[in-house]
Amino acid sequence: MTVVAARAPAKVNVHLAVGPLRPDGFHELRTVYLAVSLFDTVTVRPGDGLALTVSGEGTGAARGADLVPADRRNLVWRAAELLAASSGVPADATIEIAKSIPAAAGLAGGSADAAAALVALDALWGTRASREDLVGLAAKLGSDVPFSLLGGVALGAGRGEQVTPVLARTRWNWVLGIAGEGLSTPAVYGELDRLRAAGRVPAGEDLAAAEPVIAALRSGPPDALASSLVNDLQAPALALRPELGRALRTATDAGALAALVSGSGPTVAALAADERDAVRLTAELAGAGVFRTVRAVHGPVPGARLVG
Ligand code: C5P
């Protein structure tokens, strides 16, 4: 095989309940992931050692080039080394990441790249790892990487890496608005700990149950989903980035059924009533001058898979 490509989706957390800080530096989560139709593609070829290039969204010299490093700091590089070590093959590949998912946006773009790289390199190297093996490697790479492999809708527990698929037949339409520069995930979790220590948000001992949002995802109507969305990281993201308040209001003023911060932000995910409404909402949000990028997406969509 001389060239293999795989793509993996962005995600929105429609439920993100964050428990207290654990001794290992992570927070216990109950989350519901929804994979949405915004994809990064990873293309791999035979090589001598590892070589990595990155192109697309957020990779220009002018903005955020350092958010997506093209060296061993990139999760894709680590994914390649991990798969090679675990399957006893040399880590030889030339890897290209083509990004559509904005970096450091709360959309799991880096995790999508890592998941796509595992799938593509497994095919290139003929390592024939089982899905279970890949999920095990994914969990070592990052909390969201197992979900990026799985896709669809899933309940996430532990630090997010323990994923259980959830059946959802309905197709949900969202508009993603990316406001301002990227936010660091550890900084947002750290701000949540500070807000909790200061008594400004609830302590997080009782994790909000995911059942209402799962029931709403299964059967709708969209209003039920709109009223059951939860994100404990929204308060700290707003504390670090007050302009996000205006971005959220812009989305609800434009008629979104609900708007919440996606993961650790700063992306605003606005729920549309249907596909037509999503087209209208996209135009309104693009014209509002608050977001640097506005994308209509739908979900659930499948996880990392080979393309071409
Ligand atoms: O697992 P991942 O590398 O994506 O996590 C990045 C950072 O986000 C962690 O180092 C930690 O600071 C924070 N995090 C957390 N609790 C989680 C997941 C991530 O505190 N469940």
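Throughout, residues of each chain are indexed from 1 in the direction in which the sequence is written. Where totals are concerned, whole chains, interfaces and linings use all residues; where local detail is concerned, this predicted model gives features only for residues with pLDDT of at least 70, and gives and counts side-chain atom pairs only at 80 or more. Excluding hydrogens and water, the side-chain figures rest on all heavy atoms present in the structure.

A. The arrangement of the packing of aromatic side chains in detail. Classification of ring pairs uses Phe, Tyr and Trp, with its six-membered ring standing for Trp, and accepts pairs whose centres are within 6.5 Å; under 30 degrees between planes counts as stacked, over 60 as edge-to-face, and the remaining range as tilted. The full count for this structure, using the stated rule, is 1 aromatic pair. Pairing Y33 with F147 gives two aromatic rings, centres 4.5 Å apart and planes at 10 degrees, and the pair type is stacked. Here the residue Y33 occupies a position in strand β2 (residues 27–45), and F147 occupies one in helix α4 (residues 145–150), the gap between them amounting to 114 residues. Residue burial is assigned from relative accessible area. The probe radius is 1.4 Å, only protein chains are included, and a residue is buried under 20% of its type maximum, exposed over 50%, and partly exposed in between. Taking relative accessible area as the criterion, Y33 reaches 0% and is therefore assigned buried. Here F147 falls in the buried class, since its relative accessible area comes to 2%. Above the ring of F39, the side-chain terminus of R7 is found at 3.7 Å from the ring centroid. Each helix corresponds to a stretch of at least 4 residues labelled H or I by DSSP, and each strand to a stretch of at least 2 residues labelled E; elements are numbered beginning at the N terminus. Counting as a charge over the ring demands two things of the Lys NZ or Arg CZ atom: a distance within 6 Å of the ring centre and an angle within 35 degrees of the ring normal.

B. Expanded view of the packing of helix α1 (residues 75–87) against helix α2 (residues 109–125). In contact at an axis separation of 8 Å, α1 and α2 are set at 35 degrees when each is read in the N-to-C sense. The handedness of the crossing between α1 and α2 comes out as right-handed. Of α2, the residues touching α1 (which contributes L75, V76, A79, A80, L83 and A84) are G110, S111, D113, A114, A117, L118, L121, D122 and W125. A per-class count over the contact of α1 with α2 returns 11 nonpolar, 2 polar and 2 charged. Inter-axis angles, ranging from 0 to 180 degrees, are taken between N-to-C directions of lines fitted to C-alpha atoms, where helices are fitted over the stretch in contact. In this scheme the handedness of a crossing depends on how the near helix is turned from the far one: anticlockwise by less than a right angle means left-handed, clockwise means right-handed. Residue contacts are defined here by distance: any two heavy atoms, one from each residue, within 4.5 Å place the two residues in contact. Any residue that is not Ala, Val, Leu, Ile, Met, Phe, Trp, Tyr, Cys, Pro, Asp, Glu, Lys or Arg is counted as polar, Gly included; the first ten are nonpolar and the last four charged.

C. Summary view of the site of the ligand. Residue proximity to a molecule or strand is established when one non-hydrogen atom of the residue lies within 4 Å of it. Around the ligand, the structure places G25, F26, H27, L29, G142, S143, R159, T185, P186 and Y189. Under the rule applied, a polar contact is a pair of N or O atoms within 3.5 Å (in protein, one hydrogen donor and one hydrogen acceptor; residues adjacent in sequence only if both atoms are side-chain atoms). Contact distances for the ligand include 2.5 Å between an oxygen atom and a side-chain N or O atom of S143. Only the protein chains shown count as cover for residues, with accessible areas throughout obtained via the Shrake-Rupley method and a probe of 1.4 Å. Taken by itself the ligand offers 450 Å² of open surface, and the protein chains cover 74% of this. If you list the elements that add at least two residues to the shell around the ligand, you get β2 and α5 (185–197). Classifying every residue of the shell around the ligand by side-chain character gives 4 nonpolar, 5 polar and 1 charged.

D. Structural context of the sheet that holds strand β7 (residues 172–178). Two strands make a pair as long as DSSP finds a minimum of two bridges between them. Read from one edge to the other, the open sheet built from 4 strands follows the order β9-β10-β7-β11, with strand pairing classed as antiparallel. Each end of this open sheet is capped by a strand with a single partner; those strands are β9 (258–261) and β11 (293–299). Direction aside, neighbouring strands of the sheet carry axes that sit 25 degrees apart on average. Alignment of β7 against strand β10 (residues 267–272), held across 6 bridges, turns out to be antiparallel. Bridge pairing links L176 to A269 in β10.

E. Focus on the side chain of N74. Relative to the helices and strands, N74 is located in the loop between β3 (50–56) and α1. Apart from the residues within four sequence positions on either side, N74 is in contact with L52, V54, V68, P69 and I97.

F. Region of the structure containing the nonpolar core. Of all hydrophobic cores here, the largest spans 68 residues; its most connected members are V14, I95, L121, W174 and L225. With 12 residues, the single largest contributor to this core is α2. Within the second largest apolar cluster, 30 residues are counted, among which are L16, Y189, L192 and L233. Remark: nonpolar core denotes a set of buried residues (Ala, Val, Leu, Ile, Met, Phe, Trp, Tyr, Cys) joined through side-chain atoms within 4.5 Å.

Keep in mind these numbers describe shape, not what the thing actually does.
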